[in-house]
Amino acid sequence: MTAKTKSKPKNKAKASAKAKLKPAKAAVIAETGEEPRMPGHESKLARRPDWEPRYAGSGRLAGKVAIVTGGDSGIGRATAVLFAREGAKVAIAYLEEDDDARITADAIEQEGSEALLHRGDLGDPKVCRKLVDKTVKKWGRLDVLVNNAGEQHPDKDIRDITAEQLQRTFQTNIFSMFYLVHAARPHLKKGAAIVNCTSVTMYQGSAHLLDYSATKGAITAFTRSLSENLIEHGIRVNAVAPGPIWTPLNPCGGTPPEDMDDFGKDTPMGRPGEPNEVAPAFLFLACEDSSYMSGQVLHPNGGTVING
């Protein structure tokens, strides 16, 4: 799930930042013949991400209730459906991509589980509280919180990053995590798990994603600090740092169109990853398989060696 700002640009810098999103949209229109809304609908991509679970479930989340933000598409969808296959009931938070969210919910139900859809901007703490309240009211508990929602906007010059864009990116990517944990905390009991989505850009940096990579650094620090804060209560907090993964976030604005042909080719595996190659990392950290892990980060990134 990503977010967008509806106000009109008030100066040339803002107009420039907005204009940079248009070529990426044009690339998708040329490929699919349709214009996507930002951040873009997965269902409108000609090359669809591979999100279906790859193996049979084994009940690792049986009886659990999970919230997955950004669950309408990409990594969020793959994670939500995999959780359902493993026995969890799943609440999906998304911004506005109703068709994609419904596909995810249908897939969860086809796994024999239950889904709850929650539409709204998680940069608003009221939306986060409502999500948690709806989930607990429907199922009576909350065991796993996956903070996956995010947005990114490429800019080659820091001067093109407006205050509006900077604040918006931080609101979606890291403020929402604080809001959701704050709302969820009263319902998280011993054995609960929080899994945050950071990024390889936190470790490597990114010349054209300055604000995005800064939020990912904040998410990693938040993960480690929150782990220290909650471990005495039996609540584990970990994170996943994906490398380049094929999701709507990239062709619909997250990656410059001139770079799309080479997206992911700079990894040792020479290709971008698929959402269902990342979802198992979230499952591992959400279930008891990782019972002796907290404050850690997993790296499904195509073979890139990470230090730090």
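Just so it is clear, the model here is predicted, and its values are computed rather than measured.

(A) Just the environment of Met293, in detail. Of note, Met293 is situated in the loop between α10 (279-286) and β7 (297-298). In this structure the C-alpha to C-alpha distance between Met293 and Ser227, which are 66 residues apart in sequence, comes to 9.8 Å.

(B) Representation of the packing of helix α3 (residues 74-85) against α10 in the model. Interhelical geometry of α3 versus α10 gives an angle of 50 degrees and a closest axis separation of 8 Å. One element, α3, and the other, α10, form an angle in the oblique class. Handedness of the α3/α10 crossing: right-handed. Counted together, Ile75, Ala78, Thr79, Leu82 and Phe83 of α3 and Ala279, Pro280, Phe282, Leu283 and Ala286 of α10 form the full contact between these two elements.

(C) Quick look at helix α8 (residues 210-230). Its 21 residues place the ends of α8 30 Å apart at the C-alpha level, agreeing with the 30 Å of an ideal helix rising 1.5 Å per residue. Every buried residue of α8 is listed here: Asp211, Tyr212, Ser213, Thr215, Lys216, Ile219, Thr220, Phe222, Thr223, Leu226, Ser227 and Leu230. As for α8, its buried residues are in contact with α6 (163-184), β5 (193-197), α7 (201-204), β6 (236-240) and β7.

(D) A look at the pairing of strand β2 (residues 89-94). Taking burial as the measure, the 6 residues of β2 include 5 buried ones, the bulk of the element. Bridge analysis of strand β1 (residues 65-69) against β2 gives 5 bridges, and the strand direction is parallel. Bridged to Ile67 within β2 is Ala91. Each parallel crossover has a hand, and the one from β1 via α3 to β2 is right-handed. One ladder, built from 5 bridges, connects β2 with strand β3 (residues 115-119); its direction is parallel. Each residue of the ladder has a partner; that of Ile92, found in β3, is Leu117. Considered for its hand, the β-α-β crossover made up of β2, helix α4 (residues 98-110) and β3 is right-handed.

Here is what the cut-offs are and how they apply
Residues numbered from 1 in each chain as written. Predicted model: local features only at pLDDT ≥ 70, side-chain atom pairs only at ≥ 80, totals over all residues. Heavy atoms only, no water. Helix = DSSP H or I, 4+ residues; strand = E, 2+ residues; numbered from the N terminus. Axes fitted to C-alpha atoms, helices over the stretch in contact; angles between N-to-C directions. Parallel < 35°, antiparallel > 145°, perpendicular 65-115°, else oblique. Left-handed = near helix turned anticlockwise from the far one by under 90°. Contact = heavy atoms within 4.5 Å. Expected span 1.5 Å × (residues − 1). Buried < 20%, exposed > 50% of the residue type's maximum accessible area, 1.4 Å probe, protein only. Pairing = 2+ DSSP bridges. Right-handed = clockwise from strand over helix to strand, strands pointing away.

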